[in-house]
Amino acid sequence: MKELLKKILIILIFTAFLFGNQSPKYQWKEITTPNNIAYRIAEYTSVNDFWIYEMAGKFIFHYKDTITQKIELPKINTPKNILSYNCIKIGEMEFFCVIIDKQYHSYFFIYEFNKWKKLPNIVNVPIQHFYKVSEKELYIFGDWGNILLYKNNKLTEIGSPIKNHITSIGYYDRNNIWFGVRKEGIYHFDGKNFTNIPIDDFGNSDIMQISIKSLSDIIIYTSKGTTYKNYRNKFIVYNSSLGNNNNLRYSFFDIKNGLAYSGNKKGEFDLFYEEKWNKKLLEKNYSISDGKMFSNNSIIFTTKGLILIGMIKNDLFFVNNTGRYNLDGGIMDYSTGAAFINYDDDDFIDIFVQNSGNNQHNYLYNNIKGNTFLDISSLSGIVSQTNSNYFSIGDYDINGKTDLLLAETDSNLIILSKGKTTYKQTIINVDNLQFNSLRNVNSFDYDQDNDLDICITYHYQKGRDVGSNCILKNKFYGSFFDIDTSIIRPGKGWNNHSLFADFNNDNKADLFVSNSWIENKLLLKTNE
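Residues numbered from 1 in each chain as written. Predicted model: local features only at pLDDT ≥ 70, side-chain atom pairs only at ≥ 80, totals over all residues. Heavy atoms only, no water.

Draft legend 1. Main features of the nonpolar core. Within the largest apolar cluster, 17 residues are counted, with the highest numbers of intra-cluster contacts made by F96, F108, I127, L138, I140, Y150 and L155. Broken down by secondary-structure element, the contributors of at least two residues to this core are β6 (82-91), β7 (94-101), β8 (106-112), β9 (115-123), β10 (127-134), β11 (137-142) and β12 (147-151). Sorting elements by how many residues they give to this core places β7 first, with 3 residues. Setting aside residues no more than four positions away along its own chain, L155 makes contact with F96, F108, L119, N121, I140, L148, L149 and Y150. Of all hydrophobic cores here, the second largest spans 16 residues; its members include I60, C97, I99 and Y111. (Core = buried A, V, L, I, M, F, W, Y, C linked by side-chain atoms within 4.5 Å. Buried < 20%, exposed > 50% of the residue type's maximum accessible area, 1.4 Å probe, protein only. Helix = DSSP H or I, 4+ residues; strand = E, 2+ residues; numbered from the N terminus. Contact = heavy atoms within 4.5 Å.)

Draft legend 2. Examining the sheet that holds strand β41 (residues 495-501) more closely. Judged by pairing direction, the sheet is antiparallel, and its 3 strands sit side by side in the order β41-β42-β43 without closing on themselves. Strand pairing shows two members of the sheet lacking a second neighbour, β41 and β43 (521-523), which therefore form its edges. Geometrically, the sheet is characterised by an average inter-axis angle of 20 degrees between neighbouring strands, direction not taken into account. Bridge analysis of strand β42 (residues 510-515) against β43 gives 3 bridges, and the strand direction is antiparallel. Paired with V513 across the two strands is K521, which belongs to β43. (Pairing = 2+ DSSP bridges. Axes fitted to C-alpha atoms, helices over the stretch in contact; angles between N-to-C directions.)

Draft legend 3. Broad picture of unusual backbone geometry. Although it is not a glycine, K136 sits at a positive phi angle of roughly 70 degrees. What makes K136 partly exposed here is its relative accessible area of 33%. Despite not being glycine, Q448 has its phi angle at roughly 55 degrees, a positive value. With respect to the helices, strands and loops of the structure, Q448 is situated in the loop between β37 (435-444) and β38 (453-461).

Draft legend 4. View of the pairing of strand β3 (residues 49-54). The buried fraction of β3 is high, at 6 of 6 residues. Residues D49, W51 and Y53 point to one face of β3 and F50, I52 and E54 to the other, with burial holding for every one of them. Taken together, the 6 bridges between strand β2 (residues 39-46) and β3 define a ladder with antiparallel strand orientation. Across the sheet, the residue bridging to E43 is W51, located in β3.

Draft legend 5. The arrangement of the packing of aromatic side chains in detail. Evaluation of the coordinates by the stated rule reveals 28 aromatic pairs. A connected cluster of aromatic rings, assembled from ring pairs, spans Y26, W28, F269 and F301. Looking at K70, its charged tip hangs above the ring of F59, at a distance of 4.5 Å from the centre. Its end group placed over the ring of Y343, K418 keeps NZ or CZ at 4.7 Å from the ring centre. (Phe/Tyr/Trp six-rings, centres within 6.5 Å; stacked < 30°, edge-to-face > 60°. Lys NZ or Arg CZ within 6 Å of the ring centre and 35° of its normal.)

Draft legend 6. View of the sheet that holds strand β36 (residues 423-428). Here we have 4 strands laid out as an open sheet, ordered β33-β34-β35-β36, and antiparallel in their pairing. One side of each edge strand has no neighbouring strand; the edge strands of this open sheet are β33 (390-394) and β36. For this sheet the average axis-to-axis angle between neighbouring strands, irrespective of direction, equals 20 degrees. Summarising the sheet, β33 and strand β34 (residues 403-407) pair through 5 bridges and their orientation is antiparallel. Among the inter-strand pairings, S392 is bridged to a residue of β34, identified as L405.

Draft legend 7. Examining the environment of N164 more closely. Tracing the chain through its elements places N164 in the loop between β13 (154-158) and β14 (166-173). With residues up to four places along the chain from it excluded, the contact list for N164 reads D143, W144, G145, V181, R182, K183 and E184.

Draft legend 8. Examining empty space enclosed by the protein more closely. The final tally for this structure, using the stated rule, is 2 cavities of 30 Å³ or more. Reported here for the second largest cavity is a volume of approximately 30 Å³. Lining the second largest cavity we find W28, K29, E30, E283, Y286 and L308. Ranked by the residues each element gives to the lining of the second largest cavity, the list is headed by strand β1 (residues 25-32), at 3 residues. When the residues that make up the lining of the second largest cavity are grouped by side-chain class, the tally is 3 nonpolar, no polar and 3 charged. (1 Å grid on protein atoms, 1.4 Å probe; cavity = no way out; pocket = protein on both sides within 12 Å on 5 of 7 lines; lining within 4 Å. Points joined across faces, edges and corners; volume = space filled by probe spheres on them. Nonpolar A, V, L, I, M, F, W, Y, C, P; charged D, E, K, R; others polar.)

Draft legend 9. Representation of the pairing of β11. For β11, the buried fraction is high: 6 of the 6 residues fall into the buried class. On β11, burial covers both faces: E137, Y139 and F141 on one face and L138, I140 and G142 on the other are all buried. Counting the residues that bridge the hairpin from β10 to β11 gives 2 residues, and of these K136 lies at a positive phi of roughly 70 degrees. Two strands pair when backbone bridges link them, and β11 and β12 are joined in this way by 5 bridges, in the antiparallel orientation. Looking across to β12, one finds that L138 is bridged to Y150. What sits between β11 and β12 in their antiparallel hairpin is a turn of 4 residues, with W144 showing a positive phi close to 55 degrees.

And the structure:
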């Protein structure tokens with residue numbers, strides 16, 4: 001018994017090691033940018049919706065499943081003298097942009113009402129960082145202690161005792177702002193005065209990000225990977241788990257969501273997962289320009305000529321990508337079924353979604369070359385006057401295209417026959433069958449004449465007696481269906497679902513019927 005328990009304990013430990021400590025695996029999607037240059041991120045909502053700009057180029061682009069908008073960047077009098085751009089989105093269609101020339105002067109522009117306006121301020125040092133307090137309110141900072149506030153359409157310089165380059169900001173409220181400074185450490189700004197806060201064993205590194213949960217819980221992250229936390233009016237070493245290599249220098253962080261990038265090794269980044277940092281590798285040795293991470297661990301990276309979208313790849317489960325591919329549907333939809341079909345014969349599988357709720361309609365989503373889906377329900381003619389509870393798919397009129405059979409619980413059947421681009425509706429009247437509570441429809445070649453017939457499964461009759469099954473034989477290429485009642489008697493029962501297959505390998509279609517309250521049935525076809 002002890003040996004058995006010992007073996008079980010070893011298995012449990014090994015399983016915990018194998019599955020419990022693994023950081024997420026990513027599946028990466030490459031999106032080619034309009035130009036083969038470096039890009040940075042100006043604003044981001046999700047991996048499907050973000051703005052990027054060319055660091056030394058001409059445009060800002062809006063990516064929403066594809067490039068949907070572009071805005072030409074502003075220019076200065078000597079465009080060949082431009083070194084770089086820094087941009088941030090500050091309103092619905094409003095941007096703040098800094099142009100840095102090759103003499104390291106900074107020029108400021110506002111984009112609103114579809115045009116750029118140059119602000120009168122010129123700063124003789126590079127201004128490279130933004131912090132957006134709210135729409136149209138920014139802190140702007142950069143080299144040699146320069147800090148500016150953009151508010152009420154006005155740019156104001158804030159005098160400071162800081163001598164070196166400001167690399168980061170931590171904002172709690174207007175009276176509690178922290179600035180990370182190269183060599184000088186960290187300064188607290190109360191709206192009027194600056195105070196330098198001591199940092200134990202700081203050394204010669206940059207403060208790359210400041211994370212503030214509360215005034216008593218502030219963490220700073222340095223370019224060497226060491227983290228510090230505030231304690232009694234100073235900062236002490238909190239964690240050095242990123243700082244295993246003294247030669248490693250981190251160039252950007254998205255610490256609040258658990259992302260860090262060093263650039264020390266191309267294609268490598270750090271991911272914070274289960275309370276520790278993990279080294280991760282991209283599929284190729286990309287040199288990353290910018291990166292953002294979301295609360296669901298999805299990632300956007302920009303690199304020369306490419307946008308990289310990273311979604312968690314789990315070997316055991318599927319990843320929900322409905323939002324990414326525009327397949328969310330309506331919040332009040334009562335979707336009860338779906339099928340893959342090839343609506344437009346382009347080798348990209350489209351999706352039919354059945355809705356059973358009142359005042360709802362079915363959906364047809366057209367696959368746009370594997371990039372996204374477009375709702376073409378109305379355009380295709382698939383939206384009928386009613387919803388449906390059950391459906392089946394097949395080529396009923398033998399024209400080589402996929403048709404749809406729709407059914408409600410207590411109504412006639414509708415066939416939507418696919419033409420060149422739209423569906424044509426045909427109603428099949430089954431009122432004379434005297435059955436109610438339809439539970440299932442499926443399609444098969446029951447009489448082996450090379451066209452699809454239909455089987456209807458009913459739960460009960462109109463008099464509340466037990467239900468049965470009925471065959472609708474396809475005549476004249478789907479334009480007429482002949483009712484075959486031969487299986488009504490043997491198929492009687494409180495039927496829920498039926499399935500056709502050749503169960504005994506005699507090349508005839510047999511029928512299995514599942515029931516409530518009585519035994520299920522297998523009906524073997526013995527003659528023509």
